[in-house]
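# Structural overview
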Amino acid sequence: MTTSATSGTGPADPSGPTENSMRRALKRARDGVALDVAEAAVLLQARGEHLDALTASAARVRDAGLEAAGRPGVITYSKSVFVPLTRLCRDKCHYCTFVTVPGKLRRAGHGMFMSPDEVLDIARKGAALGCKEALITLGDKPEDRWPEAREWLDAHGYDDTIAYVRAISIRILEETGLLPHLNPGVMTWTDFQRLKPVAPSMGMMLETTATRLWSEPGGPHHGSPDKEPAVRLRVLEDAGRSSVPFTSGILIGIGETYEERAESLFALRKVSRAYHGIQELIIQNFRAKPDTAMRGMPDAELDELVATVAVARHIMGPSACLQAPPNLVDAEYERLIGAGIDDWGGVSPLTIDHVNPERPWPQIDELDAKSRTAGFELRERLCVYPEFVRRGEPWLDPRLRPHVAALADPATGLAREDATVEGRPWQEPDEAFTATGRTDLHATIDTEGRTSDRRDDFDEVYGDWGALREAAAPGMAPERIDTDVRAALATAADDPAKLTDDEALALLHADGPALDALCKVADDVRRSVVGDDVTYIVTRNINFTNVCYTGCRFCAFAQRRTDADAYTLSLDQVADRAQQAWEVGAVEVCMQGGIHPDLPGTAYFDIARAVKERVPGMHVHAFSPMEVVNGATRTGMSIREWLTAAKEAGLDSIPGTAAEILDDEVRWILTKGKLPTATWIEVVETAHELGIRSSSTMMYGHVDQPRHWLGHLRTLAGIQQRTGGFTEFVTLPFIHTNAPVYLAGIARPGPTPRDNRAVTAMARLLLHPHIPNIQTSWVKLGTEGAAEMLRSGANDLGGTLMEETISRMAGSSYGSYKSVKDLIAVADAAGRPAKPRTTLYGPVPEERQRAARDSDGHLPRLLPVLD
């Protein structure tokens, strides 16, 4: 079976599918059997009676979905205004008339961007007409191509286009009451974090996965960096990871083949299945426009569009929401309804479609009449779809909930057509630091345990477990290692810095006598670099909240605010715990928490300030890179600005946690919404540049392999060579017992003893001479395990902790506290002396040592002690 490139005119190409292949594909579609790409490509060419049969089965799938959603016979639309924030773009799509150049804007009397007054004038007029959506559309990163765009942003005080989009969205919310739906083009993971608090939904068309249409000269996307399919798919995935309700779709008739069109639909299904975040799929037909490079290309014919809608419905399934723009089909509305759509998209009574200015919107009354003729009731929705309105957190930011709730019918999630559209404050939730929930969890986790081994939303919150199993399988495959281990050991003994990747990988796989030899080499290097002293710190962990909606699949600590084990501490409770720690000799508090949706970005400053005000001499080691990004994006500050403010508030250093494995192949299986590798590196390097030092970590033994450990350690060594800011490297063996990714049958049950020894030894060698301190975790390995790591290259035991909730919630059985005597005993078991240290590995004042000795083993009642 062969298929040709679509021409957009006439019937299917004569060299298309055979009658038998068409009948087989139609039968599978009719019977509800999952289609493959080849069958979908066949069905895309259905015409005549075959097309009628295809659309009939697609309509039945759609109707079943509407019935299940509680809105049978309903077709939706959004009453909106179209705001073309800027028509400048760095891309050069060959069919686009939306984009222009600075000279044309100047000659027409326009600025490089619409001014806030121009935007708000449109939004206010729309609100007066009952519109509820402000569709903000703009070109991709215009400042990267046009100096005039950069100059405009600089003159108005914006770091980039995304900053202006965020600012204008807040003003729309506060001054008009419309809900922004943002289409700023390609966005990074960080961009999503910046924009999620100001817009209930966003979108970007995938258009096509046909790379050749982007890479080959003459292709419709050639010369457009943001139209690379891999880049656009990454945006869709980042939207899902960030729990952003997202609209996407395909553009048909731009030169793709039927197979390529089918592949695009399957790519969208894959993302939708993995993250459950695609709220709507648009099937848009190409319309040639004058004054474009593709002005001679024939329009995609109606049969092409109808067939594509029907195939999309079969591929995406009954729960998907499908839209076809009504202004692009010459009033052939009934055919699109019959093919399986359930939405008309945004329709404006005020503004034109600036992307297709020659195609006016239909009147809403006309759309209503046509829908009723087809047997459907037309209902208004918001820019965010009903399913996501009802889902609430984590899909709707707390600052947006009042805005959405004012316009939504709580029973259906659809728009209340009689709602008053008026501006409302955009602000942080009140009383962020009210003590709530199980605030004694730090103590009772050791006596009563957790309420259950998993959250009630286990099957939904982490994404699709089946898709994750498929994604994890390749990375779990064992590797064949042919490198000579003896030669690698010789290199390591001579000069660890000369180890090649192949040699290092062979040593990471070492076992038996070879592993013993490796650990001896590492221990010899340790002795030559830092001596025999085993260092430790008197510290207290303070996890100020475990409410978190990030969706990390390895984390058993995170809870929803309504879960039985959820808690949030007040600022006084945080300060009380810091003061108690100081009284028993602590020199540091280590403070981290969940990404609580109600905590403002300035909450971290308040926490650091509260500790410093109560205990001025305490070193504040706090806030993982994920928390740093959360704080920065919530405040609208850059990472550098936020870290500078945190330092002024009392932050002394940051933990290098949230690293897990610095390889996105592994990260996107382990986590749903955590920061990507590049952003982790950016945060850490920025902190180091500001004089804020950090630890570094690696969590291993889950869905990773030794090649990932090697890449991670090489990355850390590279950062240290550039900044010198790491104080130590901490090995974090994966605690599997209650980890969701393990309970779902995807991860291994933690690292083996062999893995622990190999990782510790190779950390010593691969980070030499850049990071001299290698720390082992007694809370994860226990006393004997930690002592073994001290014989394998480690020189540090970490801290007394006093409380430890994260590993204990995951199922660690080694308690939450070690006295100084306990830590000295671990060092004794390894045959080494012990020595206290500060966070930065300096000497501990005698007064602090005396306080620790006097209080050792006699902690305040609030602190948990295991018998």
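One can find the structure itself at the top, above this paragraph.
Report on the accompanying structure. (Residues numbered from 1 in each chain as written. Predicted model: local features only at pLDDT ≥ 70, side-chain atom pairs only at ≥ 80, totals over all residues. Heavy atoms only, no water.)

### Remarks on the overall build of the chain
Of the regular secondary structure elements, the chain holds 35 helices and 21 strands. Viewed in the frame of its principal axes, the chain has a C-alpha envelope of about 85 × 60 × 55 Å. The buried share of the chain, reckoned over its 867 residues, is 63%. Taking contacts inside the chain between residues at least 6 apart in sequence as the whole, the part at least 24 apart equals 78%. With the model as given, the accessible surface of the chain reaches about 31000 Å², and the carbon-plus-sulfur share is 50%. Between the centroid of the 96 positive side chains of the chain and the centroid of its 122 negative side chains there is a distance of 1 Å. (Helix = DSSP H or I, 4+ residues; strand = E, 2+ residues; numbered from the N terminus. Buried < 20%, exposed > 50% of the residue type's maximum accessible area, 1.4 Å probe, protein only. Contact = heavy atoms within 4.5 Å. Areas by Shrake-Rupley, 256 points an atom, 1.4 Å probe, with all protein chains shown as cover. Lys, Arg positive; Asp, Glu negative; His and termini not counted. Charge placed at Lys NZ, Arg CZ, Asp CG, Glu CD.)

### Details of the side chain of R540
You can see R540 is positioned in strand 12 (residues 539-543). A polar atom in the side chain of R540 sits 3.2 Å from the backbone oxygen of R577. (Polar contact = N/O pair within 3.5 Å; in protein donor to acceptor, adjacent residues only side chain to side chain.)

### Here we look at the nonpolar core
In this structure, M591 and W680 are the most contacted members of the largest nonpolar core, which totals 126 residues. Sequence-distant contacts of W680, defined by excluding residues within four places in its chain, comprise P625, G656, T657, A658, A659, L662, L675, L716, I719 and F726. (Core = buried A, V, L, I, M, F, W, Y, C linked by side-chain atoms within 4.5 Å.)

### A closer look at the pairing of strand 2 (residues 133-138)
Within a regular strand, the side chains alternate between the two sheet faces. For strand 2, the buried fraction is high: six of the six residues fall into the buried class. Of the two faces of strand 2, the one carrying E133, L135 and T137 and the one carrying A134, I136 and L138 are both buried. Where strand 1 (residues 74-86) and strand 2 come together, six bridges link them in parallel fashion. Across the sheet, F82 pairs through a bridge with L135, a residue of strand 2. (Pairing = 2+ DSSP bridges.)

### Overview of unusual backbone geometry
The omega torsion across E393 and P394 is 5°, close enough to zero to call that bond cis. For P394, the location among the structural elements is in the loop between helix 15 (386-391) and helix 16 (401-405). The omega torsion of the bond from H768 to P769 falls at 0°, within 30 degrees of zero and hence cis. In this structure, P769 sits in the loop between helix 31 (753-766) and strand 19 (774-775). Unusually for a residue other than glycine, F623 sits at a positive phi of about 75°. Of note, F623 is situated in the loop between strand 15 (619-622) and helix 25 (625-635).

### What about the packing of helix 21 (residues 501-508) against helix 29 (residues 706-723)?
Where helix 21 meets helix 29, the axes come as close as 9 Å, and the angle between the chain directions of the two elements is 125°. When the interaxial angle is binned, helix 21 and helix 29 end up oblique. Considering the relative orientation of helix 21 and helix 29, their crossing is right-handed. Within the contact between the two elements, helix 21 uses D501, A504, L505 and L508 and helix 29 uses P706, R707, W709, L710 and R714. (Axes fitted to C-alpha atoms, helices over the stretch in contact; angles between N-to-C directions. Parallel < 35°, antiparallel > 145°, perpendicular 65-115°, else oblique. Left-handed = near helix turned anticlockwise from the far one by under 90°.)

### Side note on the pairing of strand 15
Burial of strand 15 is two-sided: the residues H619 and H621 facing one way and the residues V620 and A622 facing the other way are all buried. Pairing analysis gives four bridges linking strand 14 (residues 588-592) to strand 15, with the strands arranged parallel. Counterpart to E588 in the pairing with strand 15 is H619. The handedness of the strand 14 to strand 15 crossover, carried by helix 24 (residues 603-614), is right-handed. (Right-handed = clockwise from strand over helix to strand, strands pointing away.)

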